[in-house]
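So the chains spell out like this:
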Amino acid sequence: MTLFTDMCDSVLNESIIGRARQAGKVEINTVDIRDFSIDKHRHVDDKPYGGGNGMVMLAEPIYRCYNSICEQIGKRPHLVYMTPQGKTLTQQRVKELSKLDNIVILCGHYEGVDERVIDELQPEEISIGDYVLTGGELPALILADSISRMLDGVLSNDECFEEESHYNSLLEYPQYTHPAVWNGREVPEVLLSGHHQNVDKWRRKQSIKRTYERRPDMLENAELTKDDLKYIEELKS
């Protein structure tokens, strides 16, 4: 639900998500809130009561837009409102949302939306970080991308995301490609050995090491083996 459908479609039609949409692996529709304005000039905003800068999005067009979507799919789908006041998006929440059949994402703009439509619809409020953007479209695209790529058939296989940063509360290990030597810097020898078990052990240690050094808070939620815990103790020393 947005005021800028072309902006959203231009991103969603590209790369992996664009191909997944074409192949029917995921259905993403952009709905113009202006189509649900209650006057001939298609107004969707007005000055805030009490004064202040900027404009506030009207409650009625948003309400009508959401209800129209509900009628189309025959039920009330989970509604998410992208706002810097929401809970910060995590990979765990992405995994949970990816299991839902339908999600509607509301993109705010200007100085936000009339609080009464938030009170009426009770959306889940999600933030992508402690900063402010000009609108909710970019955060909504981030949410749509992060959820879509976890759906069956969107990526080539589950390992494409299961080994990535944050999926298992660990940061991803460093990656290398050709050539084997670049600017005097060599690819770690273990990656050239062809010994898959040793490669897996090296990658696991590198993931733990990176997480310990850069995001030690994540280790609290990671599933760690005895060998992992022993390695963390070695890193501490």
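Look up a bit, the structure's there.
Residues numbered from 1 in each chain as written. Predicted model: local features only at pLDDT ≥ 70, side-chain atom pairs only at ≥ 80, totals over all residues. Heavy atoms only, no water.

## What about the overall build of the protein chain?
- When its secondary structure is counted, the protein chain shows nine helices and seven strands.
- A compact globule built from 237 residues should have a C-alpha radius of gyration of about 18 Å, whereas the protein chain, at 22 Å, is more than 25% larger.
- Judged by the C-alpha coordinates and their principal axes, the protein chain covers about 70 × 40 × 40 Å.
- Within the protein chain, buried positions represent 38% of all 237 residues.
- Of all intrachain contacts in the protein chain linking residues separated by at least 6 positions in sequence, the fraction that spans at least 24 positions is 70%. (Helix = DSSP H or I, 4+ residues; strand = E, 2+ residues; numbered from the N terminus. Rg over C-alpha atoms; globule rule 2.2 N^0.38 Å. Buried < 20%, exposed > 50% of the residue type's maximum accessible area, 1.4 Å probe, protein only. Contact = heavy atoms within 4.5 Å.)

## Focus on helix H1 (residues 5–12)
- The complete set of buried residues in H1 reads Thr5, Cys8 and Leu12. The buried side chains of H1 occupy one side of the element, clustering within an arc of 70 degrees when seen end-on.
- Buried residues along H1 sit in contact with helix H2 (15–22) and helix H6 (137–148). (Arc of directions from axis to C-beta.)

## Description of the side chain of threonine 2
- Looking at the element boundaries, threonine 2 is found in the segment before H1.
- Accessibility expressed as a relative area gives 2% for threonine 2, which makes it buried.
- A polar atom in the side chain of threonine 2 sits 2.8 Å from the backbone nitrogen of phenylalanine 4. (Polar contact = N/O pair within 3.5 Å; in protein donor to acceptor, adjacent residues only side chain to side chain.)

## A closer look at the pairing of strand E3 (residues 78–88)
- As paired strands, E3 and strand E4 (residues 103–107) are joined by five bridges and run parallel to one another. Its bridge partner lying in E4, valine 80 is registered against isoleucine 105.
- In this fold, the crossover linking E3 to E4 by way of helix H4 (residues 91–97) has right-handed handedness.
- The sheet contact formed by E3 and strand E5 (residues 124–127) spans five bridges and is parallel. Within E5, the position partnered with threonine 88 by the bridge is serine 127. (Pairing = 2+ DSSP bridges. Right-handed = clockwise from strand over helix to strand, strands pointing away.)

## Remarks on the environment of arginine 64
- Relative to the helices and strands, arginine 64 is located in helix H3 (residues 59–73).
- Linking arginine 64 and phenylalanine 36, residues 28 residues apart in sequence, is a C-alpha distance of 6.1 Å.
- Beyond its immediate chain neighbours, meaning those up to four positions away, arginine 64 contacts Phe36, Ser37 and Ile38.

## A short note on the layout of surface pockets
- Taken as a whole, the largest pocket spans an internal volume of roughly 850 Å³.
- If you go around the largest pocket, you meet 30 residues; those closest to its centre are Glu27, Ile28, Asn29, Ile103 and Val104.
- At the level of secondary structure, the elements contributing two or more residues to the lining of the largest pocket comprise H1, H3, E4 and H6.
- Ranked by residue count, the leading element in the lining of the largest pocket is H6, at five residues.
- Split by residue class, the lining of the largest pocket holds 20 nonpolar, seven polar and three charged. (1 Å grid on protein atoms, 1.4 Å probe; cavity = no way out; pocket = protein on both sides within 12 Å on 5 of 7 lines; lining within 4 Å. Points joined across faces, edges and corners; volume = space filled by probe spheres on them. Nonpolar A, V, L, I, M, F, W, Y, C, P; charged D, E, K, R; others polar.)

## Examining the pattern of salt bridges
- Counted under the stated rule, the structure contains 11 salt bridges.
- Between arginine 93 and glutamate 96 there is a salt bridge whose closest N-O contact spans 2.8 Å. Highlighted residues: arginine 93 and glutamate 96, both in helix H4, separated by three residues, approximately one helical turn.
- Among the residues examined, arginine 93 registers a relative accessible area of 25% and is labelled partly exposed.
- Assessed through its relative accessible area of 36%, glutamate 96 is described here as partly exposed.
- Among the ionic pairs, glutamate 124 bridges to arginine 93, the shortest N-O distance being 2.8 Å. With glutamate 124 in strand E5 and arginine 93 in helix H4, this pair connects stretches of sequence that are 31 residues apart.
- Look at glutamate 124 and you get buried, because its relative accessible area is 19%.
- Among the ionic contacts, a cluster of salt bridges with common partners joins Asp32, Asp35 and Arg42. (Salt bridge = Lys/Arg side-chain N within 4 Å of Asp/Glu carboxyl O.)

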